[in-house]
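Reading the structure
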Amino acid sequence: MFTLVAILEDFGYMARMAYMLDRVFRAFGLHGASVMPFIIAGGIAGGCAIPGVMATRTLRSPKEKLATLLTLPYMACGAKLPVFLLLVGVFFPENPARTMFLLTLAGWAAALLMARLMRSTIIRGESTPFVMELPPYRVPTLRSVVTHCWERTWMYLKKAGTVLVAVSILIWASMTFPTLDPEQAAPLETQIAALQEKVDALPEGDEARTPLEEELAAVQATLAEESLQHSWAGRLGMAIEPLTKPVGFDWRTDVALIGGIAAKEAIVSTLGTAYSLGEQDPEEATSLAERLAQGDGVVPHALRAAVLPVLRGPRGHPSGGGQLGLGCVQHDIQHRVCVRCGGGSL
C-alpha cells in the first residue's frame with residue numbers, strides 16, 4: 001500500500017484526483033484531497049485505514065483532517081473482507097457481487113454522511129479553498145519510491161504498531177484467562193486422551209480412523225467453547241447478551257465482535273470456536289457458514305452482522321496511525337463509543 005501511494009504521488013495522479021473530486025467532497029464538508037485517504041483506507045475494497053490515516057497529512061485544515069480521520073474506518077478495509085465474504089457467500093449466494101458492491105457503497109455513504117453531520121455540528125468551520133499546484137506527469141524513480149516507503153513503514157511500526165500489539169495482547173488475554181476449572185475440563189480431557197489413543201492405534205489410511213477423528217475434533221471443539229465461555233471475554237459476552245439480543249446477537253456473536261476489536265479477521269475464527277466448530281480459516285469457513293445458516297431470521301441477522309463491521313473501525317482503532325496526523329486518541333475513543341451505540345440499534 002505504501003508503495004502504491006508513493007508511486008501515485010510521484011506520477012502526479014493524486015493531485016489531479018483531488019482536483020476533480022473537490023466539488024463533490026465539498027458538499028460533505030471535506031476537501032478534495034480527502035479522496036485519496038478514503039480510497040487507500042478501503043474505498044476500493046481491500047485497503048487499510050492506517051495508510052489512509054497517514055495520507056491525511058496533505059490536508060491543511062485541522063477540521064477537515066479530523067473529519068476525514070474519524071470517517072476513514074467506515075471504508076471496507078481488507079480486515080473486514082473475510083467477514084463480508086463469509087456472510088455474503090452463505091446468505092446471499094444468488095447475488096454475491098451485487099451484495100459486496102452494496103456493502104462497499106454503504107461504507108462510502110456512512111463515511112460521507114457522518115462527515116457532513118460532524119462538519120455541521122461538532123467540527124464546524126468554513127471549507128478550505130482548493131489551492132493546489134498540479135505537478136507535471138513524470139515517471140517515479142526507484143530511489144524516491146523506496147525512500148518514501150521506508151519512511152512511512154518505519155513511522156507505522158513505531159507509532160501504530162505499538163498500539164496494535166498492545167490491544168492484540170489484551171484481547172488474547174481476555175479470551176484465554178481465566179482458564180477452565182480443572183474439574184470441569186477433566187471429563188473432556190479424559191475423553192480426548194482416550195480417543196487420541198484409539199486413533200494412534202490405527203494405521204494411516206484405515207477407514208475406522210475417520211469417525212474417531214471426527215469425534216475427537218468435536219470433543220476438542222466443545223472444550224474450546226467451554227474455555228472461551230469461561231474466559232473474561234466470554235463472561236463479558238454473556239453479560240451484554242441481553243443488550244444485543246434484540247438485534248439477533250447471542251453471546252457467541254458478542255465474543256466474536258470483542259475479538260474483532262483487535263483484528264476483524266479474528267471474527268471468523270472466534271465464531272468457529274464459540275460454535276464448537278474448532279479453528280476456522282477465514283478463507284474457507286464452510287462448516288461455520290452452514291451453522292450460521294440454520295438460525296431463524298437468517299437474512300435480517302446477516303444484514304445486521306454485515307452492516308456492523310461497516311460501522312466499526314479496523315484493528316482496534318480508527319487512528320492507531322491517527323497519532324501520526326493529529327494525535328486524536330481521545331477523539332478515537334469518543335468515536336468508538338458513538339459508533340457502538342449507533343451500531344447496536346441496527
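The rules behind each value
Residues numbered from 1 in each chain as written. Predicted model: local features only at pLDDT ≥ 70, side-chain atom pairs only at ≥ 80, totals over all residues. Heavy atoms only, no water. Helix = DSSP H or I, 4+ residues; strand = E, 2+ residues; numbered from the N terminus. Areas by Shrake-Rupley, 256 points an atom, 1.4 Å probe, with all protein chains shown as cover. Phe/Tyr/Trp six-rings, centres within 6.5 Å; stacked < 30°, edge-to-face > 60°. Buried < 20%, exposed > 50% of the residue type's maximum accessible area, 1.4 Å probe, protein only. Lys NZ or Arg CZ within 6 Å of the ring centre and 35° of its normal. Expected span 1.5 Å × (residues − 1). Bend = angle between axes of the 7 residues up to and from the residue. Contact = heavy atoms within 4.5 Å. Patch = residues over 30% accessible without salt bridge, like charges linked within 9 Å, V, L, I, M, F, W, Y side chains within 5 Å. Salt bridge = Lys/Arg side-chain N within 4 Å of Asp/Glu carboxyl O. Core = buried A, V, L, I, M, F, W, Y, C linked by side-chain atoms within 4.5 Å. Axes fitted to C-alpha atoms, helices over the stretch in contact; angles between N-to-C directions. Parallel < 35°, antiparallel > 145°, perpendicular 65-115°, else oblique. Left-handed = near helix turned anticlockwise from the far one by under 90°. Nonpolar A, V, L, I, M, F, W, Y, C, P; charged D, E, K, R; others polar. Disulfide = S-S within 2.5 Å. Polar contact = N/O pair within 3.5 Å; in protein donor to acceptor, adjacent residues only side chain to side chain.

Overview of the overall build of the protein chain
Across its full length, the protein chain carries 17 helices and 0 strands. Carbon and sulfur atoms provide 63% of the accessible area of the protein chain, an area that totals close to 17,500 Å².

Here we look at the packing of aromatic side chains
One pass over the structure, following the stated rule, counts 7 aromatic pairs. Aromatic pair F11 and Y13: ring centres 5.7 Å apart, planes at 40 degrees, arrangement tilted. For F11, a relative accessible area of 27% gives the class partly exposed. Its relative accessible area of 40% is what places Y13 among the partly exposed residues. Linked through ring pairs, F11, Y13 and Y137 together constitute an aromatic cluster. Positioned over the ring face of Y137 is R16, at 4.0 Å from the centre of the ring.

Concerning helix α10 (residues 182-201)
Given 3.6 residues per helical turn, the α-helix brings residues three or four places apart onto the same face. Taking 1.5 Å of rise per residue, the 20 residues of α10 would be expected to cover 28 Å, and the 27 Å separating its terminal C-alpha atoms lies within 8% of that figure. L188 marks where α10 bends most, by close to 25 degrees. Every buried residue of α10 is accounted for by A185, L188, I192, L195 and V199. Looking at the buried positions of α10, the neighbouring elements they touch are α11 (209-230).

Re a nonpolar patch on the surface
A contiguous nonpolar patch, built from Y19, M20 and L134 and spanning about 350 Å² of accessible area, is present on the exposed surface. By the element assignment, M20 lies in helix α2 (residues 13-26). With relative accessibility at 61%, the residue M20 sits in the exposed group.

As for the nonpolar core
One finds F25, L30, F38, M75 and W108 to be the most contacted residues of the largest nonpolar core, which totals 21 residues. Considering every element that reaches this core, the biggest residue donor is helix α7 (residues 96-120), with 6 residues. Residues within four places of W108 in sequence aside, it is in contact with F25, F38, I39, G43 and M75.

What to know about the packing of α10 against α11
For the pair α10 and α11, the least separation of the axes is 9 Å and the interaxial angle reads 160 degrees. Relative to α11, the element α10 is oriented roughly antiparallel. α10 and α11 meet at a crossing whose hand is left-handed. Within the contact between the two elements, α10 uses Q184, A185, L188, E189, Q191, I192, L195, Q196, K198 and V199 and α11 uses R209, L212, E213, E215, L216, V219, Q220, T222, L223, E226 and H230.

Quick word on the packing of helix α13 (residues 251-259) against helix α14 (residues 266-274)
Where α13 contacts α14, the axes come no closer than 8 Å and their chain directions differ by 145 degrees. Like other packed secondary-structure pairs, α13 and α14 cross with a definite hand, here right-handed. Across the interface between the two elements, R252, T253, V255, A256, L257 and G259 from α13 touch A266, I267, T270, L271 and A274 from α14. For the contact of α13 with α14, the residue count by class is 7 nonpolar, 3 polar and 1 charged.

Thoughts on the state of the cysteines
In this structure the tally under the stated criterion is 0 disulfides. Left unpaired, C77 is separated from the closest cysteine sulfur, that of C48, by 6.6 Å. What makes C77 buried here is its relative accessible area of 3%.

Notes on the environment of G259
Tracing the chain through its elements places G259 in helix α13. Under the relative-accessibility criterion, G259 is labelled buried at 1%. Between the C-alpha atom of G259 and that of L271, which follows or precedes it by 12 residues, the distance is 9.5 Å.

Let's talk about the environment of T176
Secondary-structure assignment places T176 in helix α9 (residues 160-176). With a relative accessible area of 27%, T176 lands in the partly exposed category. Considering only alpha carbons, one finds T176 and S227, 51 residues apart in sequence, at a separation of 7.6 Å. A polar contact of 2.7 Å, which involves the side chain of T176, links it to the backbone oxygen of W172.

Some details on the pattern of salt bridges
Applying the stated criterion across every chain yields a total of 5 salt bridges. Salt-bridge contacts for E213 lead to R209; the nearest nitrogen and oxygen are separated by 3.1 Å. A residue pair is termed a helical-turn pair when its members lie 3 or 4 positions apart in one helix, as E213 and R209 do in helix α11 at 4 residues. Overall, E213 belongs to the partly exposed group, its relative accessible area being 35%. According to the relative accessible area criterion, R209 is buried, its value standing at 11%.

Quick word on the environment of L134
Assignment of secondary structure puts L134 in the loop between α7 and α8 (142-158). The spatial distance from the C-alpha of L134 to the C-alpha of G12 is 7.3 Å, given a sequence separation of 122 residues. Apart from the residues within four sequence positions on either side, L134 is in contact with A15, R16 and Y19.

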